[in-house]
Amino acid sequence: MSSRIKARFMALAASALLASTSLAGPAAAQGHLRIGMTANDVPLTWGQPDNGFEGYRTPGLMIYDSLINFDLTSPDKPTSLVPALAESWEVSKTEPTKWTFKLRKGVKFHDGSDFNADAVVFNIDRLFDEKAPQYSARMVSLTNFRLPSYKSVKKIDDYTIEFETKEPDAFWPYQICYVLFASPKQWEAAGKDWEKFASNPAGTGPWKLASLKSRELAELVPFKEHWDKTRAPKLDKVTLIPMPDPSARTAALLAGQVDWIEAPAPDAMARIKSSGFDIVSNIYPHIWSWHLNRVEGSPWNDIRIRKAANLAIDRKGIVELLGGYGTEATGHVVKGDPWYGTPKFAIKTDIEAAKKLMAEAGYGPAKPLKIKMLISASGSGQMLPLQMNEYIQQNLKTIGIEVDYEVVEWQALLNLWRAGGKSPQIKGAHGVNVSYTTQDPFNAMTRFLRSDLHAPKGVNFGFYSDPEMDKLLAAAQAAFDPKERDAALAKVHTKMVDDALFVWVVHDVAPRAMSKKVKGFVQVRNWFQSLTPVYMEK
């Protein structure tokens, strides 16, 4: 491990160990679940979380609901959208830029106030109306790249809302589902200050925040008046503890200081099992890749170099590094996915072919290409970023690519990713290692590839632009029929792989280790998971 990576790794490990040793001892109250998170801090609790999808999973979707939620009940099939704060939604047949949402009646925020159309407008305005008193630039930075189609919102009556998109967009339900709804009344009670609101938030979710200590823990308890009785929590309390280092998380679990950890250390899997703990996992829509910077002068603008990098990586070895908890990637989505298509470029390990491509591009071990990548030490879906990137560093060196890493904390990396490939903040980096979801048609590919969705409008980090790809994406966006949409996205993915637009490595299976006392958990095929059916066995 390079000295820079090692120094950063040890600093974060020390921080995580300090947090773990400050916890109570092994004994846990009946119904109290303690979770060791991969985040380096408790994700923001004011309604729009940071720390990627881990922030949405815990505590975002515990405290809050969206108009539309993902169905988190079945481990055997891909998750679909289901009604939540909206009972139904439909696009106008005559004006396909307009969507009507019928809101659920009788829903209460944690502060006892009513959820209604006024609350929807309030929450949308905090993201899009710069003149609104509740507008939050920080929330905008965390959320708006997920809603590029938004144009306006209008209250029709107390329980009917109309959204208008900039153009016809079949992906709109997959964009609005990432907006979480906070109580306007509680914001006013907090002095109209979102920072104060975060310490005593009010959403409509099945859990309420009971206490919050920055960089230490968050405690959540059931909201007994939640509108969906099928999601009534069985636990008395959940405690979330930031532990960014996998070894520290594992040590805390083995010592009985937590009951559950995300992403356990792979080299400790055998010990975890032999010590009487369970390890659960499941396939889910995830890709661990390098997102390449395509600004003028970038070496990644040469397709030969992009293909060579993909051919140089020993994915089987990386899966072994992960203790077998991963699957080798052959593209952005897995084979068999309806969006996979028919790419001709095979993502595999072929060192000789990679060396030949590098030689054609004018590089090799004797004349190496030097690149700089931005990576994190931990984070949501990041698996083992330090160890995996070091492994890739050695793979690429054999074909004449020398990689230097800039290691930053997870949220800092996300901020740089959103700043984009032309930002001076990234200090000339040639790419970023951010794991991505592939669980919906917009977030899977569109947001990275559309030429108009670069910073600050979106997360086309590398400023990639191809008119042919834009046409394919437009066809997918305009396809309101699911079969037509899937066929269009298959063409997008085919071109994506044939042009080697990313360096693809593995798909995660989200291993979690937990005490045998943890019962009722159903690991679904999604980045988000529900803790409401979980309970602690006596």
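In what follows, the structure referred to is the one given above.
The text that follows walks through the structure, step by step, so that each part is easy to find.

Here we take up the overall build of the protein chain. Secondary structure assignment for the protein chain yields 17 helices and 22 strands. Relative to the compact-globule value of 24 Å for 538 residues, the protein chain shows a C-alpha radius of gyration of 23 Å, a close match. By its C-alpha atoms, the protein chain is 70 × 60 × 40 Å across when sized along the principal axes. Counting all 538 residues of the protein chain, 62% fall into the buried class.

Relative to the helices and strands, Q186 resides in helix α6 (residues 184–189). For Q186, a relative accessible area of 12% corresponds to the buried category. If sequence neighbours within four positions are ignored, Q186 has contacts with D111, F197, N200, P201 and A202.

Here the focus is the side chain of N526. Topologically, N526 is positioned in the loop between β21 (518–519) and β22 (535–536). Classification of N526 as buried rests on a relative accessible area of 2%. When neighbours within four sequence positions are excluded, N526 is seen to be in contact with F70, L72, T79, Y284, P285 and Q439.

For the structure on display, the rule yields 30 aromatic pairs. Judged by centre distance (6.1 Å) and plane angle (70 degrees), the rings of F109 and F115 are edge-to-face. Of the two residues examined, F109 and F115, each falls in the buried class. Every member of this aromatic cluster is reached through a ring pair, and the members are F53, Y56, F70, Y178, Y284, W527 and F528. Directly above the aromatic system of W194 lies the positively charged group of R126, at a separation of 5.1 Å from the ring centroid. The side chain of R146 reaches across the aromatic face of Y178, ending 5.3 Å from its centre.

Looking now at helix α12 (residues 351–360). Every buried residue belonging to α12 is among A354, L357 and M358, and all of these are buried. Down the axis of α12, the buried side of the element spans an arc of 100 degrees, and every buried residue falls inside it. Of the exposed residues in α12, those oriented more than 90 degrees away from the buried face are E352, K356 and A359. Elements in contact with the buried residues of α12: α10 (303–312), β15 (369–376) and β16 (401–408).

Time to look at the sheet that holds strand β9 (residues 217–222). Taken in spatial order, the seven strands of this open sheet run β8-β9-β10-β1-β11-β20-β12, and their pairing is mixed. Only two strands of the sheet have a single neighbouring strand rather than two, namely β8 (207–213) and β12 (278–280). Taking each pair of neighbouring strands and ignoring which way they run, the sheet shows an average axis angle of 20 degrees. Relative to strand β10 (residues 237–242), strand β1 (residues 32–37) is paired through six bridges, and the arrangement is parallel. When the bridges of β10 are listed, M37 appears paired with P242.

The geometry of helix α16 (residues 467–477) relative to helix α17 (residues 482–498) is characterised by a closest axis approach of 8 Å and an angle of 160 degrees between their N-to-C directions. Relative to α17, the element α16 lies roughly antiparallel. With respect to the hand of their crossing, α16 and α17 are arranged in left-handed fashion. Contact residues: E468, M469, L472, L473, A475 and A476 in α16; R485, A488, L489, K491, V492, K495 and M496 in α17.

Turning our attention to the sheet that holds strand β6 (residues 150–157). Taken together, four strands build an open sheet; the order of strands is β4-β5-β7-β6 and the sheet is antiparallel. Both edges of this open sheet fall to β4 (86–91) and β6, since each of them pairs with a single strand only. Along the sheet, successive strands turn relative to each other by an average axial angle of 20 degrees, direction set aside. Two strands pair when backbone bridges link them, and β6 and strand β7 (residues 160–165) are joined in this way by six bridges, in the antiparallel orientation. Looking at β7, one finds that K155 is bridged to I161. Its contacts with the sheet place helix α3 (residues 117–128) against β5 (98–103), β6 and β7, and it is angled at close to 160 degrees to β6.

Pairing of β8 with β9, which is carried by six bridges, proceeds in the antiparallel orientation. The residue bridging S211 from the neighbouring strand is E219, located in β9. Counted between consecutive antiparallel strands, the loop separating β8 from β9 contains three residues, among which R215 sits at a positive phi close to 65 degrees.

In this section: the environment of D498. Relative to the helices and strands, D498 is located in helix α17. For D498, the residues in contact, after removing those within four places along its chain, are I303, K307, P343, K344 and F345.

Definitions and cut-offs
- Residues numbered from 1 in each chain as written.
- Predicted model: local features only at pLDDT ≥ 70, side-chain atom pairs only at ≥ 80, totals over all residues.
- Heavy atoms only, no water.
- Helix = DSSP H or I, 4+ residues; strand = E, 2+ residues; numbered from the N terminus.
- Rg over C-alpha atoms; globule rule 2.2 N^0.38 Å.
- Buried < 20%, exposed > 50% of the residue type's maximum accessible area, 1.4 Å probe, protein only.
- Contact = heavy atoms within 4.5 Å.
- Phe/Tyr/Trp six-rings, centres within 6.5 Å; stacked < 30°, edge-to-face > 60°.
- Lys NZ or Arg CZ within 6 Å of the ring centre and 35° of its normal.
- Arc of directions from axis to C-beta.
- Pairing = 2+ DSSP bridges.
- Axes fitted to C-alpha atoms, helices over the stretch in contact; angles between N-to-C directions.
- Parallel < 35°, antiparallel > 145°, perpendicular 65-115°, else oblique.
- Left-handed = near helix turned anticlockwise from the far one by under 90°.

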